[in-house]
Amino acid sequence: MTHSHFILHKPYGSLSQFIYELKRKKKLLGELHNFPQGTMAIGRIDEDSEGLLLLTTDGKMSEIVRSKKVDKEYYAQVDGIITQEAIEKMKNGVEIGFNGTKYITKPCESFIIKEIPVFGARGKKIRDERHGPTSWASITVNEGKFRQVRKMTAAVGFPTLRLVRVRIGNVHLNDLQAGEVKEVINFEL
């Protein structure tokens, strides 16, 4: 059987799923492209986050991508000017809440981003400069606890204002625009 694979820039405000059975109207992945039957999102990105999402009709591929062997890199715009001390804390692992218990995140890669990334306007304005400065950090994890990156930046005193996944393994977001879908032969992980 031949499988289909897609790279998607999930826009802010949409869900990483095809079906939503609660009463409130939500934007779903199926509205972005005419995906073949059986297409599934590999992992998820929160409704208020954006960026790289892989989709496939191959369940085995989904398992590989979701494994701890594949790194996921995020760019986080945070409240305030993030410090090297905060970056070091995240690198070593920080305590976050997960499923009602305390959890220490695994060591990860993290660094301050000097140049402001260009992602285009977000569906909802974050805030303006009157509320103080913001800065950007790169955080690369290979685990995926619920809202983990947001919890990590908050744990070191710099809450996330905007979160964009830019890389999964060797697959990069590059210049894919929000809502844009690209079909690929396979994922070069």
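Keep in mind that this is a model prediction, so the values were computed, not measured.

This part is about the environment of Glu109. Position of Glu109 among the secondary structure elements: in strand β7 (residues 109–113). As for Glu109 and Asn142, which are separated by 33 residues in sequence, their C-alpha atoms are 9.8 Å apart. With residues up to four places along the chain from it excluded, the contact list for Glu109 reads Ser138, Ile139 and Thr140.

With seven of seven residues buried, strand β3 (residues 50–56) lies mostly within the body of the structure. Across three bridges, strand β2 (residues 40–42) lies against β3 in antiparallel orientation. Its bridge partner being in β3, Ile42 is matched across the sheet by Leu54. The pairing of β3 with strand β9 (residues 160–168) spans two bridges and is parallel. Bridge assignment links Glu50 to a residue of β9, and that residue is Val164.

Attention now moves to the environment of Gly13. Along the polypeptide, Gly13 turns up in the loop between β1 (5–10) and β2. Once the C-alpha coordinates of Gly13 and Asp48 are considered, the two residues, 35 residues apart in sequence, prove to be 5.4 Å apart. Once residues within four sequence positions are removed from consideration, Gly13 is found in contact with Lys27 and Glu47.

Quick look at helix α2 (residues 84–92) now. Among the residues making up α2, those that are buried are Ala86, Ile87 and Met90. Within α2, the buried residues cover an arc of 100° as seen down the axis, which keeps them to one side. Projecting away from the buried face of α2 at angles above 90 degrees are the exposed residues Glu85 and Asn92. Among the structural elements, β7, β8 (134–141) and α3 (148–155) are those in contact with the buried residues of α2. Once α2 ends, the next one or two residues include Gly93, with phi positive near 105°.

Turn by turn, an α-helix covers 3.6 residues, leaving residues three or four places apart pointing in a common direction. Residues of helix α1 (residues 59–66) that are buried: Met61, Ser62 and Val65. Down the axis, α1 shows its buried residues gathered within 105° of arc, on one side only. Opposite the buried face of α1, at more than 90 degrees from it, the exposed residues are Lys60 and Glu63. Where the residues of α1 are buried, they touch β1, β2, β3, β4 (72–79) and β9. Among the residues of α1, the N-terminal cap falls to Asp58, whose side-chain oxygen and the backbone nitrogen of Lys60 are separated by 3.0 Å.

The rules behind these values
- Residues numbered from 1 in each chain as written.
- Predicted model: local features only at pLDDT ≥ 70, side-chain atom pairs only at ≥ 80, totals over all residues.
- Heavy atoms only, no water.
- Helix = DSSP H or I, 4+ residues; strand = E, 2+ residues; numbered from the N terminus.
- Contact = heavy atoms within 4.5 Å.
- Buried < 20%, exposed > 50% of the residue type's maximum accessible area, 1.4 Å probe, protein only.
- Pairing = 2+ DSSP bridges.
- Arc of directions from axis to C-beta.
- Polar contact = N/O pair within 3.5 Å; in protein donor to acceptor, adjacent residues only side chain to side chain.

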